[in-house]
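Observations on chain architecture
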Amino acid sequence: MTTVASDAEKTDGDLVVDVDRINKHFGSKHVVKDLSLQVRRGEIFGFLGPNGSGKTTSIRMMCGLLTPDSGHGTCMGFDIIKQSDQIKRRVGYMTQKFSYWDDLSIRENLDFVARIYGMQRRKEVVDQSLEKLGLSSRAKQLAGSLSGGWKQRLALAASMLHQPELLLLDEPTAGVDPAARRDFWEELHRLAAEGISVLVSTHYMDEAERCHKLAYLAYGKLLVQGTAAEVVAGQGLSTWAIYNSRDSDIRDNKLVGLSQQLHEQPGVDQLVVFGTSLHVCGKDAALLEQTLRRITAGQGLRMELIDTSLEDVFIYMMNRSTDNFGELS
Ligand SMILES: Nc1ncnc2c1ncn2[C@@H]1O[C@H](COP(=O)(O)OP(=O)(O)OP(=O)(O)O)[C@@H](O)[C@H]1O
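Residues numbered from 1 in each chain as written. Predicted model: local features only at pLDDT ≥ 70, side-chain atom pairs only at ≥ 80, totals over all residues.

Under an unreviewed UniProt entry, the name given to the protein is ABC transporter family protein, and the organism recorded is Collimonas pratensis.

**A look at the overall build of the protein**
The cut-off we apply is this: Where helices and strands are cited, they refer to DSSP runs of H or I of at least four residues and of E of at least two residues respectively, numbered from the N terminus. C-beta atoms are first placed from the backbone for all residues, and any pair lying within 7 Å is then listed as a contact.
Helix and strand content of the protein: twelve helices and 15 strands. Across its three principal directions, the C-alpha atoms of the protein cover 75 × 45 × 40 Å. Here the analysis covers contacts within the protein between residues at least 6 apart in sequence; of these, 68% occur between residues at least 24 apart.

**Digging into the packing of helix 5 (residues 148-160) against helix 6 (residues 178-193)**
Two packed helices can be described by the angle between their axes and the distance between those axes. Test applied: All axes are obtained by fitting lines to C-alpha atoms, using only the stretch in contact for helices, and the reported angles, taken between N-to-C directions, cover 0 to 180 degrees. Convention used here: angles under 35 degrees read as roughly parallel, angles over 145 as roughly antiparallel, angles from 65 to 115 as roughly perpendicular, and any remaining angle as oblique. Put simply, a crossing is left-handed when the front helix is turned counterclockwise from the back one by less than a right angle, and right-handed when it is turned clockwise. Under the scheme applied here, ten amino acids are nonpolar (Ala, Val, Leu, Ile, Met, Phe, Trp, Tyr, Cys and Pro), four are charged (Asp, Glu, Lys and Arg), and all others, including Gly, are polar.
In contact at an axis separation of 9 Å, helix 5 and helix 6 are set at 20° when each is read in the N-to-C sense. It follows from the interaxial angle that helix 5 and helix 6 lie roughly parallel. Regarding helix 5 and helix 6, the two cross each other, and that crossing is right-handed. For the pair formed by helix 5 and helix 6, the contact residues are G148, G149, Q152, R153 and L156 on the first element and A180, D183, F184 and E187 on the second. Of the residues that constitute the contact of helix 5 with helix 6, the class distribution is three nonpolar, three polar and three charged.

**Section: the sheet that holds strand 13 (residues 270-274)**
Convention followed: Strands were regarded as paired on the criterion that DSSP finds at least two bridges between them.
A sheet is described by the order of its strands in space; here four strands give the open sequence 13-14-12-15, paired in antiparallel fashion. Strands at the two margins of the open sheet, each flanked by one partner only, are strand 13 and strand 15 (301-306). Across the sheet, the mean angle from the axis of one strand to that of its neighbour is 25°, orientation sign disregarded. Looking at chain direction, strand 12 (residues 238-244) and strand 15 are connected through six bridges and run antiparallel. Along strand 15, the bridge assignment pairs Y243 with R302. Across the sheet, helix 9 (residues 254-262) is in contact with strand 12, strand 13 and strand 14 (277-282); its angle to strand 13 comes to roughly 175°. Of the strands in this sheet, strand 12, strand 14 and strand 15 are in contact with helix 10 (residues 285-296), which crosses strand 14 at around 145°.

**With respect to the domain arrangement of the protein**
How big an interface is tends to be stated in terms of accessible area lost as the parts join. How we decide: Boundary definitions for the domains trace back to an automatic or database domain assignment.
Domain boundaries assigned for the protein yield domain 1 (2-233) and domain 2 (237-307). In this structure, domain 1 and domain 2 have C-alpha centres spaced 39 Å apart.

**Overview of the sheet that holds strand 3 (residues 29-40)**
In space, the four strands of this open sheet follow the order 3-2-5-6, with antiparallel pairing throughout. Two strands lie at the open edges of the sheet, namely strand 3 and strand 6 (78-79), each paired on one side alone.

**Re the environment of R293**
Mapped onto the fold, R293 is located in helix 10. Each C-alpha atom of the pair R293 and M303 lies 8.8 Å from the other, and the pair is ten residues apart in sequence.

**Some points on the site of the ligand**
Note the threshold: All residues are tested the same way: a C-beta atom is placed from the backbone, and lying within 6 Å of a molecule or strand makes the residue near it.
Taken together, F26, V31, G49, N51, G52, S53, G54, K55, T56, T57 and S201 make up all the residues around the ligand. Residue contributions to the shell around the ligand peak at three residues, all from helix 1 (residues 55-62). Tallied by class, residues from the shell around the ligand come to two nonpolar, eight polar and one charged.

**Some thoughts on the pairing of strand 9 (residues 197-201)**
Put simply, the rule is: Three exposure classes are used, based on other C-beta atoms lying within 10 Å of a residue's own C-beta, which is placed from the backbone: buried for 20 or more, exposed for 12 or fewer, and partly exposed in between. Throughout, right-handed denotes a crossover for which the path from the first strand over the helix to the second runs clockwise when the strands point away from the viewer.
In terms of residue burial, strand 9 counts as a mostly covered element, since five of its five residues are buried. Strand direction decides the pairing type here: strand 4 (residues 44-48) and strand 9, joined by four bridges, are parallel. Looking at strand 9, one finds that I44 is bridged to V198. In this structure, strand 8 (residues 166-170) lies alongside strand 9, joined through five bridges in parallel fashion. Pairing of L168 across the sheet is with L199, part of strand 9. Once the chain exits strand 8 it traverses helix 6 before rejoining the sheet at strand 9, and the crossover so formed is right-handed.

**Quick notes on the nonpolar core**
How we decide: By definition, a nonpolar core groups buried Ala, Val, Leu, Ile, Met, Phe, Trp, Tyr and Cys residues that connect through C-beta atoms lying within 7 Å of each other.
In terms of nonpolar packing, the biggest core is built from 74 residues, with M62, V198, L199, Y216 and V280 touching the most fellow members. Looking at this core, you find at least three residues from each of domain 1 (2-233) and domain 2 (237-307).

**A short note on the pairing of strand 4**
In terms of burial, strand 4 is a largely internal element, five of the five residues being buried. Sheet topology note: the strand 4/strand 10 (residues 213-218) ladder contains four bridges and is parallel. Its bridge partner being in strand 10, F45 is matched across the sheet by K213.

**A short note on helix 3 (residues 106-116)**
In plain terms, the rule: What the arc describes is the spread of directions from the helix axis to the C-beta atoms.
Looking only at helix 3, the buried set comprises I106, R107, N109, L110, V113 and A114. The arc that holds every buried residue of helix 3, seen down its axis, measures 165°, which confines them to one face. With respect to the buried face of helix 3, the exposed residues turned more than 90 degrees away are R115 and I116. Contacts made by the buried residues of helix 3 are with helix 4 (122-132) and helix 5. Count one or two residues on from helix 3 and you reach G118, which has phi positive near 65°.

Listed below in structure tokens is the structure:
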């Protein structure tokens, strides 16, 4: 695992999550393997990785919602194994499958959640929540008639009602349109600025780029962690974009043919068509350039060295971990 984060200037008092070599099995399946990770106060920490790579299980263990088989750690200063009750009270959990009552209004839904928590001064708490999450104007609207984005906002309000210090968001915006996703993330950053820490699992690259830090898991192993820029730099990939010189060539599928030609050529580690360009990545920058110049010569193509994107890196890591599955399992 590559750790590329540098946090020397921070003190340990900032740590909200600090786990050391935690493991989880489900039956014979080793789902999380020796996970060590630290999350700081006010940090939005994103978990990425293929389906079933252990993101949700990791997040749940770090917050005392699931007991690790081995390893140890703290969450908000409490022991994740012995003091899970104290942790649970301070955590807000929003899952993809947040259930609200369609035939209750936003206000009634929040009031219901406040009753479940046994909260005092419910009206005041609900009013504050409506105000804080910009839901006041729709307080009387039935939850069932809300768009996906507003439903997510309601789910966030419900998970924040008891004023948790740490939020767990499990693919919170799956199926929500980009504009609503952007609003949701602005809200998360406002909360983080107030000192609330957020652990979020996602498959969306735009969301990954909005996290302060990222962890990439595959087959239960943490492969890399750090800021988006650190994660990209850590893989040391060189990336070229190749375009058709003429728009008419797009219809000829020239790039698909080129992709086949480049497959398994020296220096070429990855080929991905991105819209009207082909992204070609490789670890050995000089060899990659040599190969590209040789193969594209005289084909009427334009090529340009570009910044490697987070998406290029994640695809690369995913393919690599699949190749190394035997070694990782
Ligand atoms: N309660 C459980 N009992 C048995 N197996 C489980 C349980 N929870 C998770 N698993 C298995 O553990 C593995 C990791 O699951 P997990 O939900 O942590 O992955 P994930 O990375 O969050 O996946 P996704 O992106 O699909 O949400 C999967 O193979 C899953 O089927």
